[in-house]
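Commentary on secondary and tertiary structure
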Amino acid sequence: SQTIHQWPATLVQPVGSPLSLECTVEGTSNPNLYWYRQAAGRGLQLLFYSVGIGQISSEVPQNLSASRPQDRQFILSSKKLLLSDSGFYLCAWSQGVQGGGYTFGSGTRLTVV
Amino acid sequence: LAKTTQPISMDSYEGQEVNITCSHNNIATNDYITWYQQFPSQGPRFIIQGYKTKVTNEVASLFIPADRKSSTLSLPRVSLSDTAVYYCLVGDGIKAAGNKLTFGGGTRVLVKP
């Protein structure tokens, strides 16, 4: 069966510090991968998605970047965090077949102080 | 991407049936309709998906009229643990296009004892 792992679960970082969040998927190959952010009490905002290794599409301009160094690994990064980067970050994957749904990771709660 | 509109919140009582209607007037021919459930500090969880008519699984039913411009998620005999945010999404799931799903604000369902 397929599983998705996301870590860390919580993170407190000072303003100006770097960020690296990692997401890995097991049990599937060539998945579509996604990073979403959810502000407190709000809906999910799509940040990045990837249809293959090294292929990254950005949905909104921001202080973050994403990379996909391996087929089932998706990394969210920042060189210098801002207060506005605080939020709940979710990684997800889909098989990309017609009608296919998403499977989400457990999320990372990031607080920038 | 087809935009969805759903009520912001709904209250119900244990044992009642909850029906949440979502409007998606510009749904495309290849789009599927998918519903997710999200509890606080967790990633959304797939509930049900359909293309037309009616779909039923062990947790919910999805009703889609012939014009597909709306859909209704039906949760039978809700319990307190069904208190969550419910998201309606439409998308075609095509890998090459990214299978991007845009989450709206969702519907906050509160089940009361």
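These notes cover the structure that comes with them. (Residues numbered from 1 in each chain as written. Chains lettered and ligands numbered in written order. Predicted model: local features only at pLDDT ≥ 70, side-chain atom pairs only at ≥ 80, totals over all residues. Heavy atoms only, no water.)

1. Quick word on the state of the cysteines
Here the structure, examined in full by the defined rule, presents two disulfides over all chains. In this model Cys 23 of chain A forms its disulfide with Cys 91 of chain A; the gap between the sulfur atoms is 2.0 Å. Across the S-S bond linking Cys 23 of chain A and Cys 91 of chain A, the dihedral sits near -75°, which makes this disulfide left-handed. Note that Cys 23 of chain A is positioned in strand β3 (residues 19-26) and Cys 91 of chain A in strand β9 (residues 87-94), a separation of 68 residues in sequence. Exposure class is identical for Cys 23 of chain A and Cys 91 of chain A. Each is buried. Residue pairing for Cys 22 of chain B: its cysteine sulfur links by disulfide to Cys 88 of chain B, the two sulfurs lying 2.2 Å apart. In this structure, the disulfide formed by Cys 22 of chain B and Cys 88 of chain B twists by about -80° around the S-S bond and is classed as left-handed. Placement of the pair is Cys 22 of chain B in strand β2 (residues 18-23) and Cys 88 of chain B in strand β8 (residues 84-91), with a sequence separation of 66 residues. We classify Cys 88 of chain B as buried; its relative accessible area is 0%. (Disulfide = S-S within 2.5 Å. Helix = DSSP H or I, 4+ residues; strand = E, 2+ residues; numbered from the N terminus. Buried < 20%, exposed > 50% of the residue type's maximum accessible area, 1.4 Å probe, protein only.)

2. Concerning the sheet that holds strand β7 (residues 70-75) of chain B
Residue and element names in this part refer to chain B. Taking strand neighbours across the sheet as the criterion, the four strands line up as β2-β7-β6-β5 in an open arrangement whose pairing is antiparallel. Edge strands, defined here as strands with exactly one partner in the open sheet, are β2 and β5 (53-56). Ignoring which end each strand starts from, the neighbouring axes of this sheet average 15° apart. In terms of strand pairing, β5 meets strand β6 (residues 61-64) through four bridges, oriented antiparallel. (Pairing = 2+ DSSP bridges. Axes fitted to C-alpha atoms, helices over the stretch in contact; angles between N-to-C directions.)

3. Points about the side chain of Ser 50 of chain A
Residues and elements named next belong to chain A. The topology assignment puts Ser 50 in strand β5 (residues 44-52). A distance of 2.9 Å separates a polar atom in the side chain of Ser 50 from the backbone oxygen of Gly 52. Within polar-contact distance, the side chain of Ser 50 engages the backbone oxygen of Gln 55 at 2.6 Å. The contact partners of Ser 50, leaving out residues within four places of it in the chain, are Pro 31, Asn 32, Leu 33, Gln 55, Ile 56, Arg 68 and Phe 74. (Polar contact = N/O pair within 3.5 Å; in protein donor to acceptor, adjacent residues only side chain to side chain. Contact = heavy atoms within 4.5 Å.)

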